[in-house]
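# Observations on chain architecture
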Number of protein chains: 2
Amino acid sequence: MKKKRQPTVSIGSEDAIVQLADLFRLMGDPTRLRIILTCLDVPISVGDIAARLDLSPSLVSHHLRLLKAARVLRGERRGKQIFYSALDAHIRCVIDDMVAHVGEPLDIEEAE
Amino acid sequence: MKKKRQPTVSIGSEDAIVQLADLFRLMGDPTRLRIILTCLDVPISVGDIAARLDLSPSLVSHHLRLLKAARVLRGERRGKQIFYSALDAHIRCVIDDMVAHVGEPLDIEEAE
DNA sequence: ACAACATATCAACACCTATTCATATATTAG
DNA sequence: CTAATATATGAATAGGTGTTGATATGTTGT
């Protein structure tokens with residue numbers, strides 16, 4: 001058994017909803033979302049993330065800690081630097097779906 | 001001219017990222033996420049949402065305003081009541097993907 | 001017109017959180 | 001060992017935000 005796909009999961013549990021919301025909230029900050037997107041491409045060090053996004057290494061590290069704790073990203077040490085990358089491919093799917101949603105915001109508009 | 005799944009690379013603009021983060025942030029609140037999930041099933045009135053989730057109509061209305069403004073939900077008036085439902089199916093995909101992510105929190109992956 | 005109901009809006013408060021700065025820890029080179 | 005680099009952590013603060021209660025708006029009946 002490798003992976004089991006669950007279609008539309010009935011999330012009635014409070015814990016599950018809170019856990020879901022927690023992940024969405026993490027992606028709900030522009031800075032953090034930028035960091036996620038930067039790590040989605042290829043493993044990248046903290047300093048390089050900070051340099052590319054023009055952020056302080058401290059701030060990047062703070063966000064990385066949250067993202068790592070939430071199992072969104074993972075860090076792998078290579079010498080002095082630590083390279084961060086996406087833990088799995090689901091986050092990319094989530095973002096792609098949301099991009100699709102943003103791409104076609106307007107469909108029907110009767111009452112406004 | 002038809003939109004398909006576009007890769008995550010296409011969102012480099014600051015506005016797009018902020019817009020994306022805005023949507024994720026909206027889904028990042030447990031109460032709001034519950035409201036979204038309730039509306040995903042079938043169009044439901046404000047009062048029924050409040051009753052089912054045990055929330056004040058005022059709070060539900062407040063959240064609905066944000067969700068409607070963000071084009072996540074849409075409201076349709078029927079007499080005194082206003083029924084809310086998902087604007088499109090993308091949100092459901094986003095949630096499903098995130099549920100899949102939560103479903104497999106730990107999975108060692110070296111090769112993909 | 002009025003009353004009753006459904007939803008929306010306003011103001012205020014309490015809580016949370018993103019950011020900054022200083023400091024600490026970890027790794028490598030000499 | 002020390003020095004230099006890379007990352008992490010701690011505290012403090014400013015701005016954001018969810019929630020509540022009162023009030024307003026809108027709709028349907030009598």
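Residues numbered from 1 in each chain as written. Chains lettered and ligands numbered in written order. Predicted model: local features only at pLDDT ≥ 70, side-chain atom pairs only at ≥ 80, totals over all residues. Heavy atoms only, no water.

### Focus on the protein's contact with DNA strand C
Selection rule: We call a residue near a given molecule or strand whenever any one of its heavy atoms falls within 4 Å of it. Under this definition, polar contacts are N or O atom pairs within 3.5 Å; protein pairs additionally need one hydrogen-donor-capable and one acceptor-capable atom, and for neighbouring residues in sequence, both atoms have to be side-chain atoms. Strands here mean DSSP runs of E at least two residues long; helices mean DSSP runs of H or I at least four residues long; both are numbered from the N terminus. For this classification, the nonpolar set comprises Ala, Val, Leu, Ile, Met, Phe, Trp, Tyr, Cys and Pro, the charged set comprises Asp, Glu, Lys and Arg, and every other residue, Gly included, is treated as polar.
Residues in contact with DNA strand C amount to 21 residues; listed here are only the nearest, S58(A), H63(A), G47(B), R65(B) and Y84(B). In the model, a phosphate oxygen of DNA strand C is placed 2.8 Å from a nitrogen or oxygen of the R32(A) side chain. Contributions of two or more residues to the surface near DNA strand C are made by α2 (30-41) and α4 (57-69) of chain A together with α3 (46-53), α4 (57-69) and β3 (81-86) of chain B. Considering every element that reaches the surface near DNA strand C, the biggest residue donor is α4(A), with 4 residues. Among the residues making up the surface near DNA strand C, the classes are represented as 4 nonpolar, 10 polar and 7 charged.

### Some words on the pairing of strand β2 (residues 73-78) of chain A
All names here are of chain A. Put simply, the rule reads: For two strands to count as paired, DSSP must find a minimum of two bridges between them.
As defined by bridge partners, β2 adjoins strand β3 (residues 81-86) across 6 bridges and the pair is classed as antiparallel. Across the sheet, the residue bridging to R77 is I82, located in β3. The hairpin turn running from β2 into β3, its antiparallel successor, is 2 residues long, and G79 in that turn takes a positive phi close to 75 degrees.

### Looking at the sheet that holds β3(B)
Sheets are built from strands paired through backbone hydrogen bonds, the pairs being either parallel or antiparallel. Residue and element names in this part refer to chain B. Put simply, the rule is: We call two residues contacting when some pair of their heavy atoms lies within 4.5 Å. Interaxial angles span 0 to 180 degrees and are taken between N-to-C directions of axes, which are lines fitted to C-alpha atoms, for helices over the stretch in contact.
With antiparallel pairing, 3 strands are arranged side by side in an open sheet as β1-β3-β2. Unpaired on one side and paired on the other, β1 (44-45) and β2 (73-78) mark the two borders of the sheet. Running at roughly 115 degrees to β2, α4 makes contact with β2 and β3 of the sheet.

### Here's the deal with the pattern of salt bridges
To keep things clear, this is the line we draw: Here, a salt bridge means any side-chain nitrogen of Lys or Arg that lies within 4 Å of a carboxyl oxygen of Asp or Glu. The buried label goes to any residue with under 20% of its type's maximum accessible area, the exposed label to any with over 50%, and the partly exposed label to all in between, with areas taken from a 1.4 Å probe on protein chains only.
Under the defined criterion, the tally for this structure stands at 4 salt bridges over all chains. One salt bridge connects R25(A) with D22(A), and the closest N-O pair in it is separated by 2.6 Å. Residue R25(A) and its partner D22(A) are both found in helix α1 (residues 14-27); the two are separated by 3 residues, about one turn of the helix. Given the relative accessible area of 35%, D22(A) is considered partly exposed. The closest approach of N and O atoms between R34(A) and E14(B), which form a salt bridge, is 2.4 Å. With R34(A) in helix α2 and E14(B) in helix α1 (residues 14-27), the pair connects residues from two separate chains. Residue class for E14(B) comes out partly exposed when judged on its relative accessible area of 48%.

### Overview of the packing of aromatic side chains
Formally: When two rings of Phe, Tyr or Trp (its six-membered ring) have centres within 6.5 Å they constitute a pair, described as stacked for plane angles under 30 degrees, edge-to-face for angles over 60, and tilted for the intermediate range.
One pass over the structure, following the stated rule, counts 1 aromatic pair over all chains. With a centroid separation of 6.1 Å and 15 degrees between ring planes, the pair formed by F24(A) and F24(B) is classed as stacked. Taken as a pair, F24(A) in helix α1 and F24(B) in helix α1 lie in two separate chains rather than in one. F24(B) sits in the buried class, given a relative accessible area of 0%.

### Notes on the protein's contact with DNA strand D
The full set close to DNA strand D counts 22 residues, and H62(A), Y84(A), R32(B), H62(B) and H63(B) are the nearest of them. Close to the protein, within 4 Å, the atoms of DNA strand D are drawn from sugar and phosphate at a rate of 71%. Interatomic distance of 2.8 Å between a backbone N/O atom of G47(A) and a phosphate oxygen of DNA strand D. Between R25(B) and DNA strand D, the recorded distance is 3.1 Å, taken from a side-chain N or O atom to a phosphate oxygen. At the level of secondary structure, the elements contributing two or more residues to the surface near DNA strand D comprise α3 (46-53), α4 and β3 of chain A together with α2 (30-41) and α4 of chain B. Each residue belonging to the surface near DNA strand D can be placed in one class, and the counts come to 4 nonpolar, 11 polar and 7 charged.

As far as function goes, none of this settles anything; it's purely spatial.
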